[in-house]
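Each chain is listed here by its residues.
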Amino acid sequence: MPLLIQNRALDRITSTGELFDRHPHLKENARTFRSQPLVDVDPKCLLYVQQREFAATTPADKSVSVIGSGDATTCHFVVLRHTGSGAVCLAHCDGSCTWSEIPLIVKAVTSLSNVSKEGRLELLLAGGFNDESKTSHKLSLNILAAFQKQKEEIHLETCCITEMNDIVVDGNHSPVVYGIGVNVNTGDVFPSSFTHKGPAEELRSARTFTGGQMADIYDSSQGLVKIGPCSWSPNLDIGFWLSQEDDTILKYMSTSPLAEPPHFVQHMKTTIQFLLEHPSSDSLFPGGQPQLYHRSERGDWERAA
């Protein structure tokens, strides 16, 4: 089935500008979305999704009330929700393998829903901006095209992407919204910031840095965050980057050097340091088993025994 906008099939488009010209209400929805106040999400209720990860759950979940993700420049956030079951998935897509990732997101929601019952699948997209290389624009079109190929009817409700998520500051383009959260109980989605990005933040960043594919990080039936197992080869040459100037790291490690958040370079250095300290990932996954984390009584994620 094609992607639906106001219950009508989306025709083929060749640009995001064409999408917004044909459907001006999407412009208004995007303006409304990006103008919401920024919410600093409480870590005690949060499940944080990093780049090239997704997580899905339902309102019955006692461990997670907000799924969130941040630090996106050219990356896009995908939120898919079934209005009947309340099952919702948030993914942080970077364009690495969009065509295989979108079916995973759809399956994550439909597997938690009885889609034959009342309700429908609703989609929110956010992220990207008018970057010089048009990386955002290409990703926007690929995500829309991938959803067009799904067999399920999916209704595009909010689309705050690329030019509708763009602001010019001191002559430089950057995103308006860098992070979002979704309230699992209500389905409300809002611009967000995050002080906590765990559990296992460095390990998860290392997985992505070394080429890991899109990963489902959450088992909602057990309230468990599951990381890995993943593998990488020793590469001592990456230590070279730790001695480089910040501008050099930005230039070569970012798709959008002028738009990155202030902590980007330190995040890259921390990830590289982690990889140097763990040249092989084997010791991180004894017996080839994933790392599991559950919500403690204090509200933080702790390693499961």
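Up top is the structure these notes are about.
Each chain carries its own residue numbering, running from 1 in the direction its sequence is written. With the structure being a predicted model, the display of local features is reserved for residues of pLDDT at least 70 and the display and counting of side-chain atom pairs for 80 or more, all residues being used for whole-chain, interface and lining totals. Just so you know, side-chain values use all the structure's heavy atoms and leave hydrogens and water out.

A. Quick look at the overall build of the protein chain. Here a strand is any run of E in DSSP of at least two residues, a helix any run of H or I of at least four, and the numbering for each starts at the N terminus. Secondary structure summary: the protein chain contains 7 helices and 19 strands in total. Here the C-alpha radius of gyration of the protein chain, 19 Å, is about what a compact globule of 305 residues would show, namely 19 Å. Taking the principal axes of the C-alpha coordinates as reference, the protein chain spans close to 55 × 45 × 35 Å. Throughout, exposure labels follow a simple rule: accessible area from a 1.4 Å probe, protein chains only, divided by the maximum for the residue type, with under 20% read as buried, over 50% as exposed, and the rest as partly exposed. Taken over 305 residues, the protein chain has a buried fraction of 51%. Contacts are residue-level and defined by heavy atoms, with any inter-residue pair within 4.5 Å sufficient. Pairs at least 24 apart in sequence give 72% of the contacts found in the protein chain among residues at least 6 apart. In these tables, accessible area is a Shrake-Rupley quantity obtained with a 1.4 Å probe, and a residue counts as shielded only by the protein chains included in the view. Approximately 14,300 Å² of the protein chain is accessible, and the part contributed by carbon and sulfur atoms is 50%. Charge separation in the protein chain, taken as the distance between the mean sites of 26 positive and 36 negative side-chain charges, equals 6 Å. Only the C-alpha atoms count toward the radius of gyration. The rule for a globule is 2.2 Å times the residue count to the power 0.38. Asp and Glu are treated as the negative residues and Lys and Arg as the positive ones, with His and the ends of the chain left uncounted. To locate a charge, the coordinates of NZ of Lys, CZ of Arg, CG of Asp or CD of Glu are taken.

B. Representation of the pairing of strand 10 (residues 154-161) in the model. With 7 of 8 residues buried, strand 10 lies mostly within the body of the structure. Of the pairings in the sheet, the one linking strand 1 (residues 3-5) to strand 10 comprises 2 bridges and is parallel in character. When the sheet's bridge partners are listed, Leu-3 is paired in strand 10 with Ile-154. When the strands point away from the viewer, a crossover counts as right-handed if the path from the first strand over the helix to the second runs clockwise. With helix 4 (residues 135-148) bridging strand 9 (residues 121-127) and its parallel neighbour strand 10, the resulting β-α-β unit is right-handed. We call two strands paired when DSSP finds no fewer than two bridges between them.

C. Main features of the packing of aromatic side chains. The criterion for an aromatic pair is that two Phe, Tyr or Trp rings (for Trp, the six-membered ring) have centres within 6.5 Å, with stacked assigned to planes under 30 degrees apart, edge-to-face to planes over 60 apart and tilted to the rest. Scanning the model with the defined rule gives 3 aromatic pairs in all. Residues Tyr-218 and Trp-301 carry aromatic rings whose centres are separated by 6.4 Å and whose planes lie at 75° to one another, so their mutual orientation is edge-to-face. Of this pair, Tyr-218 sits in strand 16 (residues 218-219) while Trp-301 sits in strand 19 (residues 301-303), and the two are 83 residues apart along the sequence. Both residues of the pair, Tyr-218 and Trp-301, count as buried. A ring is scored as having a charge over it whenever the NZ atom of a lysine or the CZ atom of an arginine sits within 6 Å of its centre and within 35 degrees of its normal. Of note, Arg-295 hangs over the ring of Trp-301, and the distance from its end group to the ring centre comes to 4.2 Å.

D. Representation of the environment of Ile-272 within the structure. Position of Ile-272 relative to the elements: it lies in helix 7 (residues 264-277). Accessibility expressed as a relative area gives 1% for Ile-272, which makes it buried. Here the alpha-carbon distance between Ile-272 and Gly-239, two residues 33 residues apart in the chain, equals 7.0 Å. Those residues in contact with Ile-272 that lie beyond four places of it in its chain are Phe-209, Ile-238, Gly-239, Trp-241, Leu-242 and Met-253.

E. Local environment of the environment of Phe-20. Mapped onto the secondary structure, Phe-20 falls in helix 1 (residues 16-22). By relative accessible area, Phe-20 is classed as buried at 2%. Linking Phe-20 and Cys-159, residues 139 residues apart in sequence, is a C-alpha distance of 9.0 Å. Apart from residues no more than four positions distant in its own chain, Phe-20 is found in contact with Leu-26, Lys-27, Cys-159, Ile-161, Glu-163 and Met-164.

F. Quick look at the packing of helix 3 (residues 98-110) against helix 4. Two elements in contact, helix 3 and helix 4, have axes separated by 9 Å at closest approach and are oriented at 50°. With respect to each other, helix 3 and helix 4 are oriented oblique. Seen from above, helix 3 lies across helix 4 with right-handed handedness. For the pair helix 3 and helix 4, contact is made by Thr-98, Trp-99, Ile-102 and Val-106 and by Leu-139, Asn-142, Ile-143, Ala-145, Ala-146 and Phe-147, respectively. Angular values range over 0 to 180 degrees, each being the angle between N-to-C directions of two axes fitted as lines to C-alpha atoms, with helices fitted over their stretch in contact. Relative orientations are named as follows: roughly parallel for angles under 35 degrees, roughly antiparallel for angles over 145 degrees, roughly perpendicular for angles from 65 to 115 degrees, and oblique for any other angle. Helix crossings are classified by the rotation of the near helix relative to the far one: an anticlockwise turn of less than a right angle makes the crossing left-handed, while a clockwise turn makes it right-handed.

G. Examining the pattern of salt bridges more closely. Whenever a carboxyl oxygen of Asp or Glu lies within 4 Å of a side-chain nitrogen of Lys or Arg, that contact is scored as a salt bridge. Taken as a whole and judged by the stated rule, the model has 12 salt bridges. Glu-122 is the partner of Arg-120 in a salt bridge, and the nearest nitrogen-oxygen pair spans 2.9 Å. Taking relative accessible area as the criterion, Glu-122 reaches 25% and is therefore assigned partly exposed. Salt-bridge contacts for Glu-152 lead to Lys-151; the nearest nitrogen and oxygen are separated by 3.1 Å.

H. Quick peek at the sheet that holds strand 9. Read from one edge to the other, the open sheet built from 8 strands follows the order 2-1-10-9-7-8-5-15, with strand pairing classed as mixed. Edge positions in the open sheet fall to strand 2 (8-9) and strand 15 (215-216), since each of these has one partner strand only. The strands touched by helix 3 within the sheet are strand 5 (53-57), strand 7 (76-82), strand 8 (88-93), strand 9 and strand 10, with strand 8 carrying the most contacts at an inclination of about 165°.

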